[in-house]
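Results of the structural survey
The primary structure of each chain is shown beneath.
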Amino acid sequence: MRRTRNPAAVRRPAALGSALAAVLVLGGCGAEVESDGKEAGKVTVKRCGEPVEYSVPQRAVAYEGGSADKLFALGLTDHVYGYVMPPANPPVSESPWASEYARVKMLSDDLLNKEMVVEAKSDFVVAGWNSGFKDERGITPEILDKLGIQSFMHTESCFNYPGHPERMRPFDALYTDLERLGRIFRVEEKAAEVVAGLKERVAKVRAKAPKGDPVPVFLYDSGTDQPFTAGNQVPPDDIIGTAGGRNVFSGLDERWTQVNWESVADAEPEVVVILDYGDQPAQKKIDFLKKSPHTRGLPAVKKDNFFILDYNEGISGPRNIDGLEKFAAYLRDLER
C-alpha cells in the first residue's frame, strides 16, 4: 500500500450504524488498568516473533488510525499521549472513536519519525513494520529499544519482519494484537470482551455468505502504470473471503503488492473494491478504471460494480469488521 496519500453501487459510510455502535459499546468505556503492583512490574509479550518485556505504558504514540483504534477500543485513551496521522488517513472526525481522538494530541500529519517520538517523551509506540517503522527512515523497534522506548508492531505486518517474522491470517492477527495489547496494559479481560464481540460479528457474516462459487473480486489500491493490490497477508483478503467473494490475487503470498494490468484482465473480476484514501479520492480511481483501455472492459467495470472500502477498514484495526459487514451486505444485494 502506498502511504501518500454508480452511485447506487458505490457505498461510503455517512454516519455510525449499528455495527459501529456495537464496537463503541465494547470499546468506548475506559478500561481499568491494574494498579495492585503488577503495573510497576513487567510482562513478556511477543512483538512479532520476538518475546519482549513491557512495563505499562503511560505516554503511548500511535501511528495511523489502526493503531489508535486498537488502543481506544481497549479503553486506553488515558494512556495515549498522541497520534500521527499521514494524509492517506481520512479525517479522525469520521472515526467511531472521534471523541477519543479529541482527548489526545495530534502530533503530526506526516510520517512517523524518531525525533517526534523523543520530543513527545513517549514510552510506547504502536505502528506497523515497513509503514510506521522503517529502516530507511531511521525508526525501528531496535532503535527505540536502545533509547529505552517500548514499541509494538501490528502482527499483520510481521510477515517479513527481519529476524523475527510471524505469520497468521489477518483477522487472527487483529485479535492477537488486541490480546497482546491487553496484556501489556494489564486489561486482559477488556481485550477478551472486545475480541469476543468482533469474532461474533465475523461469525454472523460468514453464516450469511452467498452459497456457490465465490464472486471474483479485485481490490484496487492505487497506481496507473501498474496497479497496487492486496495479497493474502492483509485484511482485505479476509474481508473479501469471509463475505463470500474471492480475492483474485489471494494466491500472492504478499501484503500490499504491485501486479500488472494483464493479470487483472485475465482474472475477470465481477467486483472492484476501491480503497479510499484521504488524499486519493475513490471517485477519481473509478473514473480512471472506466476510461483506461486496460480495465474499461472488465465485467465489474462494465456492470458498475464498485464497492468503496474506507482506508481504516482496509488496514489492520477494529474497523476491519465494519468493512466486512458492509461488503458482505453489498455482495448479498448484488446476488439478488
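Residues numbered from 1 in each chain as written. Predicted model: local features only at pLDDT ≥ 70, side-chain atom pairs only at ≥ 80, totals over all residues. Heavy atoms only, no water.

**What about the side chain of Q150?**
- Turning to its location among the elements, Q150 is positioned in strand β7 (residues 150-153).
- In this structure Q150 comes out as buried when scored by relative accessible area, which is 12%.
- Within the structure, Q150 has its side chain in polar contact with the backbone nitrogen of S55 (distance 2.8 Å).
- A polar contact of 3.2 Å, which involves the side chain of Q150, links it to the backbone oxygen of D123.
- Not counting residues within four places of it along the chain, the set of residues in contact with Q150 comprises E53, Y54, S55, P57, D123, F124 and V125. (Helix = DSSP H or I, 4+ residues; strand = E, 2+ residues; numbered from the N terminus. Buried < 20%, exposed > 50% of the residue type's maximum accessible area, 1.4 Å probe, protein only. Polar contact = N/O pair within 3.5 Å; in protein donor to acceptor, adjacent residues only side chain to side chain. Contact = heavy atoms within 4.5 Å.)

**Remarks on the nonpolar core**
- Counting residues in hydrophobic clusters, the biggest one holds 59 residues, and the most contacted among them are Y54, L71, F124, L181, I184, F185 and F327.
- Setting aside residues no more than four positions away along its own chain, F327 makes contact with V217, I239, I240, A243, V271, V273 and F307.
- Judged by nonpolar contacts, the second largest core, of 19 residues, contains V61, M116, A120 and M153. (Core = buried A, V, L, I, M, F, W, Y, C linked by side-chain atoms within 4.5 Å.)

**Quick notes on the packing of helix α8 (residues 235-243) against helix α13 (residues 319-335)**
- Put simply, α8 and α13 touch, their axes get as near as 9 Å, and they point 40 degrees apart. Relative to α13, the element α8 is oriented oblique. With respect to the hand of their crossing, α8 and α13 are arranged in right-handed fashion. Contacts between α8 and α13 involve P235, I239, I240, T242 and A243 from the first element and N320, G323, L324, F327, A328 and L331 from the second.
- Tallied by class, the residues present in the contact of α8 with α13 amount to eight nonpolar, three polar and no charged. (Axes fitted to C-alpha atoms, helices over the stretch in contact; angles between N-to-C directions. Parallel < 35°, antiparallel > 145°, perpendicular 65-115°, else oblique. Left-handed = near helix turned anticlockwise from the far one by under 90°. Nonpolar A, V, L, I, M, F, W, Y, C, P; charged D, E, K, R; others polar.)

Function-wise, these values are silent; they only describe arrangement.
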